[in-house]
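Remarks on the overall topology
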Amino acid sequence: IDNEIRPFKGLNLHPEVAKALSLKYYKYGLTLVTGITGSGKSSTLDTVIDANNRTVDSHIVIIASPVELVHRPKKSVVRHREVGRDVASFKDGAIQALRQDPDIIVIGELRDPETIMTALEITDSGHKTFGTLHTSSAMESIERILGEVPVNEQNSVRTRLADVLSCVISQKLIPSLDGKRVLAKEVLMVTSSVKAAIRNNNVNEIYQMLMEGSEKGMNTMEQDLHRLYEEGKISKEAAINNANNKK
């Protein structure tokens, strides 16, 4: 596994999104980095953690399975907890981390209902939380979280998710014309209208908000694929093959 952390500029994020990911500007909130296996979620997350480690005096706790990359403390104190060796589960690791007064908690993977509920709770208690999910779009990520919890709890989880979610980045690695791979991403910033859509169970309205939210740094996967195609980085076939919404 590559020990080089990619530069934050390489993610090509809008300034509003970069602020949302930084502890300097937003002290709490849940950020999800999502994508299928091998889409570079861990690399993106490591880049974001590293950017905070370089710029903010904070305490970062990373719970991972396994620990793939060790972050050396720069301006922040960074602690790693490996599931199976240091902690029994992501949930236990997150709960134990709270006793250490962290500013940022990174949960490697939100893979079961307990971990998801724990992530919502620790964000609710005023922490900045990062996690990954195996989904291919921002809307699917929200539906996946709601789908993981029992029906009788869905309303309360919907409200809580609307309160704590701050940003969703869904990404894919697309084969580029120069034989490498290039990052395409869908970015959702959770504005008041997105919060209302989650609360009122109108998740299908969010796609329109993504399409029209460019001044807040939002874009759909299709818009980003179109941009990469226009810039001559990927072929038309690759763009269509990787679009969630082919039309």
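I will try to describe carefully the structure that is included in this document.

What counts and how
- Residues numbered from 1 in each chain as written.
- Predicted model: local features only at pLDDT ≥ 70, side-chain atom pairs only at ≥ 80, totals over all residues.
- Heavy atoms only, no water.
- Buried < 20%, exposed > 50% of the residue type's maximum accessible area, 1.4 Å probe, protein only.
- Helix = DSSP H or I, 4+ residues; strand = E, 2+ residues; numbered from the N terminus.
- Pairing = 2+ DSSP bridges.
- Axes fitted to C-alpha atoms, helices over the stretch in contact; angles between N-to-C directions.
- Contact = heavy atoms within 4.5 Å.
- Arc of directions from axis to C-beta.
- Core = buried A, V, L, I, M, F, W, Y, C linked by side-chain atoms within 4.5 Å.
- Parallel < 35°, antiparallel > 145°, perpendicular 65-115°, else oblique.
- Left-handed = near helix turned anticlockwise from the far one by under 90°.
- Nonpolar A, V, L, I, M, F, W, Y, C, P; charged D, E, K, R; others polar.
- Salt bridge = Lys/Arg side-chain N within 4 Å of Asp/Glu carboxyl O.

We now examine the pairing of strand β6 (residues 165-175). Residues in a regular strand point their side chains to alternate faces of the sheet. Among the 11 residues in β6, nine count as buried, and that is most of the element. For strand β1 (residues 29-34) and β6, the ladder comprises five bridges, and the chain directions are parallel. Along β6, the bridge assignment pairs Leu30 with Leu165. Here β6 runs beside strand β7 (residues 181-189); their pairing, made up of nine bridges, is antiparallel. The residue bridging Ser170 from the neighbouring strand is Glu186, located in β7. Adjacent in sequence and paired antiparallel, β6 and β7 are bridged by five residues, among which Gly179 carries a positive phi angle near 85°.

It is worth spelling out the sheet that holds strand β2 (residues 59-64) at this point. If you trace the seven strands from one edge of the open sheet to the other, you get β3-β2-β4-β5-β1-β6-β7, paired in mixed fashion. A strand with exactly one partner marks an edge of an open sheet, and here the two such strands are β3 (77-82) and β7. Geometrically, the sheet is characterised by an average inter-axis angle of 15° between neighbouring strands, direction not taken into account. Where helix α4 (residues 113-124) meets the sheet, it contacts β1, β4 (104-107) and β5 (128-133), and its direction lies at approximately 170° from that of β4. The strands touched by helix α6 (residues 154-164) within the sheet are β1 and β6, with β6 carrying the most contacts at an inclination of about 80°.

Since the α-helix advances by 3.6 residues per turn, residues separated by three or four positions end up pointing in the same direction. Among all positions of helix α5 (residues 138-148), only Ala138, Met139, Ser141, Ile142, Ile145 and Leu146 are buried. Projection of α5 onto a plane perpendicular to its axis shows the buried side chains occupying an angular sector of 165°, all on one side.

By secondary structure assignment, the location of Thr44 is in helix α2 (residues 41-55). Residues within four places of Thr44 in sequence aside, it is in contact with Leu11, Val33 and Gln171.

This brings us to the nonpolar core. Nonpolar side chains in soluble globular proteins tend to be buried together. Within the largest apolar cluster, 63 residues are counted, with the highest numbers of intra-cluster contacts made by Ile63, Ile107, Ile142, Leu165, Leu188 and Ile206. Every residue in contact with Ile206, bar those within four places of it in the chain, is listed here: Met139, Ile142, Leu188, Val194, Ala197 and Ile198. Counting 10 residues, the second-largest nonpolar core is a separate cluster that includes Ile174, Val182, Met221 and Leu228.

Take the packing of α4 against α6 next. Where α4 contacts α6, the axes come no closer than 10 Å and their chain directions differ by 50°. By the angle between their directions, the pair α4 and α6 is classed as oblique. The interaxial crossing formed by α4 with α6 has left-handed handedness. Taken together, the residues of α6 that come into contact with α4 (itself represented by Met117, Leu120, Glu121, Thr123 and Asp124) are Val157, Arg160, Leu161 and Val164. Residue composition of the contact of α4 with α6, grouped by class: five nonpolar, one polar and three charged.

Moving on to the pairing of β2. Within β2, six of the six residues are buried, leaving the element largely enclosed by the surrounding structure. Neither face of β2 is left uncovered, since the one carrying His59, Val61 and Ile63 and the one carrying Ile60, Ile62 and Ala64 both have all their residues buried. Sheet analysis places β2 next to β3, joined by six bridges and oriented parallel. Paired with His59 across the two strands is Val77, which belongs to β3. Where β2 meets β4, four bridges bridge the pair, whose relative direction is parallel. Following the sheet pairing, Ile62 is matched in β4 by Val106.

The next subject is the pattern of salt bridges. A complete count under the given rule lists 11 salt bridges for this structure. Residue Glu109 pairs with Arg111 through a salt bridge whose shortest N-O separation is 3.3 Å. When the shortest N-O distance is used, the salt bridge between Arg144 and Glu148 registers 3.1 Å. Pair noted here: Arg144 and Glu148 are both in helix α5, with a separation of four residues, about one helical turn.

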